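# Per-entry structural report
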Amino acid sequence: MKVGDRHYRSLWTEQPGGPVHIIDQTRLPHAFETRALDSLEAVAEAIVSMRVRGAPLIGVSAAFGIALAMARDASDEALAHAATRLGATRPTAVNLAWAIARMRTALAGLTPAERASAAWFQAQAIADEDAALNEAIGRHGVALLEREHAAHGRPVNVLTHCNAGWLACVDWGTALSPVFQAHDKGIPVHVWVDETRPRSQGLLTAWELAGHGVPHTLVADNAGGHLMQHGKVDLVIVGADRVTRKGDVANKIGTYLKALAAHANGVPFYAAVPTPTIDWEIDDALSGIPIEERGAEEVRVVRGLDGAGRVQAVEIAPATTAVANPAFDVTPASLVTGILTEKGLFPAKETALLALYPRDRQSKAFLT
Ligand code: MRU
């Protein structure tokens, strides 16, 4: 997507072997800065500190982390170490484990001499596929917005939580891809953007929407229920970090509350996900999906610009205040109207989602 006149991906490379360029998302929306990552450790740090974030981008970054590691040392030990190091960075987004497994499978049968270039090729393929999957999600999702516009004859009001836009992926985004594409087709759209405390990823969403010229309004996280009660939300679209084959959706903390409010008010609630975000193994989402617990300072400290335009951090609670910071929650399938994927819109039900199950894994136990 564009920043000013230039097309950017959230992560890109200029030559095989590195470095890997990223947009430092910890600096947005106040400053647009890029960074060059040249090692496994630099990628691991970028994922943990959320310079790169969002389930698809975490997976792609990890793939390049392995490629950077292989450029230095392509031994079996180095491959195993890279997979373990990256796998421990953030637990909830299944795209991370998916990308690491794909890299390991692609590299396993190769000699160390063959691995560096194969790793780079595979990481780049994962990145390009991510952009294509998310573009396709948008194409299918436009129909939802078109339908709402036809029904009401006024701009469609979408509510979204967190940032599931192009910054969270390689390009396009998941939840925002239909919004961008609808806007480009001339369908009038307005987005209610949840601020999404404590990390305020809603500010990234607002930045993306502003960059694309999509009308939007930033709201405090607690406003969604009120807006829905008053008919101001036509549909909710969120991304996801992990969707079970039964249609349960793990996403940014607070998503569940929005789904409850949507259900109570008859507002359709969709999760937009590329298929690598589906976890085919987990049976019980509540006990099976690891929920990342992040540091207390994310809740106790807020960042913003001071009167002189400098970024400042301000403590809003004393260090003695006990803080909990679960980063994700699970929305049960019963509250999800549909799962929007690159292959179309599916009910949040095992019978429907199994149509998406990868052909090369058809022998898995739960299918037999
Ligand atoms: O903690 P984050 O910012 O990585 O969480 C991101 C989200 O929860 C997104 O909604 C999700 O990863 C989908 S991104 C297309």
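Residues numbered from 1 in each chain as written. Predicted model: local features only at pLDDT ≥ 70, side-chain atom pairs only at ≥ 80, totals over all residues. Heavy atoms only, no water.

### So, a nonpolar patch on the surface
To keep things clear, this is the line we draw: Patches here: salt-bridge-free residues with over 30% relative accessible area, like charges joined within 9 Å, nonpolar side chains (Val, Leu, Ile, Met, Phe, Trp, Tyr) joined within 5 Å. For the area figures, the Shrake-Rupley method with a 1.4 Å probe applies, and any residue is considered shielded solely by the protein chains shown. Whenever a carboxyl oxygen of Asp or Glu lies within 4 Å of a side-chain nitrogen of Lys or Arg, that contact is scored as a salt bridge. A helix here means a DSSP run of H or I that spans at least four residues, while a strand means a run of E at least two residues long, and both kinds are numbered starting from the N terminus.
On the surface, a cluster of nonpolar side chains totalling about 270 Å² of accessible area is made up of Tyr256, Leu257 and Leu260. Among the secondary structure elements, tyrosine 256 is positioned in helix α9 (residues 255-264).

### Let's talk about empty space enclosed by the protein
Here is the rule: The pocket and cavity definitions rest on a 1 Å grid over protein atoms only: a 1.4 Å probe that fits but cannot leave marks a cavity, an open set with protein on both sides within 12 Å along at least five of seven lines marks a pocket, and residues lining either have an atom within 4 Å of a point. Grid points are joined across faces, edges and corners, and a volume is the space filled by probe spheres set on the points. Three residue categories are used. Nonpolar comprises Ala, Val, Leu, Ile, Met, Phe, Trp, Tyr, Cys and Pro, charged comprises Asp, Glu, Lys and Arg, and polar comprises the others, including Gly. Domain delimitation follows an automatic or database domain assignment.
Within this structure, the stated rule accounts for three cavities of 30 Å³ or more. Secondary structure elements with two or more residues in the lining of the largest cavity: α2 (55-72) and β11 (249-252). Of the residues belonging to the lining of the largest cavity, the class tally is 13 nonpolar, eight polar and four charged. Counting residues domain by domain, the lining of the largest cavity receives three or more from each of domain 1 (2-130) and domain 2 (145-367). Roughly 100 Å³ of volume is contained in the second largest cavity. Around the second largest cavity sit Pro56, Gly59, Val60, Asn95, Trp98, Ile126, Glu129, Asp130, Leu133, Pro274 and Pro276, which together line it.

### Here we look at the packing of α2 against helix α3 (residues 76-87)
For clarity, the cut-off: Lines are fitted to the C-alpha atoms to define the axes, a helix being fitted only along its stretch in contact, and any angle between axes, read from their N-to-C directions, falls within 0 to 180 degrees. Roughly parallel refers to an angle under 35 degrees, roughly antiparallel to one over 145, roughly perpendicular to one between 65 and 115, and oblique to any angle outside these ranges. Left-handed describes a crossing whose near helix is turned anticlockwise from the far helix through less than a right angle; right-handed describes the clockwise counterpart. Here, two residues are considered to be in contact whenever any of their heavy atoms come within 4.5 Å of each other.
Put simply, α2 and α3 touch, their axes get as near as 10 Å, and they point 150° apart. It follows that α2 is roughly antiparallel to α3 by the angle criterion. Considering only the axes of α2 and α3, their crossing is right-handed. Side by side, α2 and α3 meet where Ala62, Gly65, Ile66, Ala69 and Met70 of the first sit next to Ala78, Leu79, Ala82 and Leu86 of the second. Broken down by class, the residue content of the contact of α2 with α3 amounts to eight nonpolar, one polar and no charged.

### Quick notes on the nonpolar core
The following threshold applies: By convention a nonpolar core is built from buried Ala, Val, Leu, Ile, Met, Phe, Trp, Tyr and Cys residues, the set being connected through side-chain atoms within 4.5 Å. Three exposure classes are used, based on accessible area relative to the maximum for each residue type with a 1.4 Å probe and protein chains only: buried under 20%, partly exposed in between, and exposed over 50%.
Counting residues in each nonpolar core, the largest one holds 41 residues, and the members touching the most others are Phe64, Ile66, Met70 and Leu86. Secondary-structure elements contributing two or more residues to this core are β4 (20-23), α1 (40-48), α2, α3, α4 (94-108) and α5 (112-152). Sorting elements by how many residues they give to this core places α2 first, with 12 residues. When residues no more than four places from it in sequence are discounted, the contact partners of isoleucine 66 are Leu79, Ala82, Leu86, Ile100, Met103 and Leu107. With 32 residues, the next largest nonpolar core counts Trp12, Leu28, Val193 and Leu340 among its residues.

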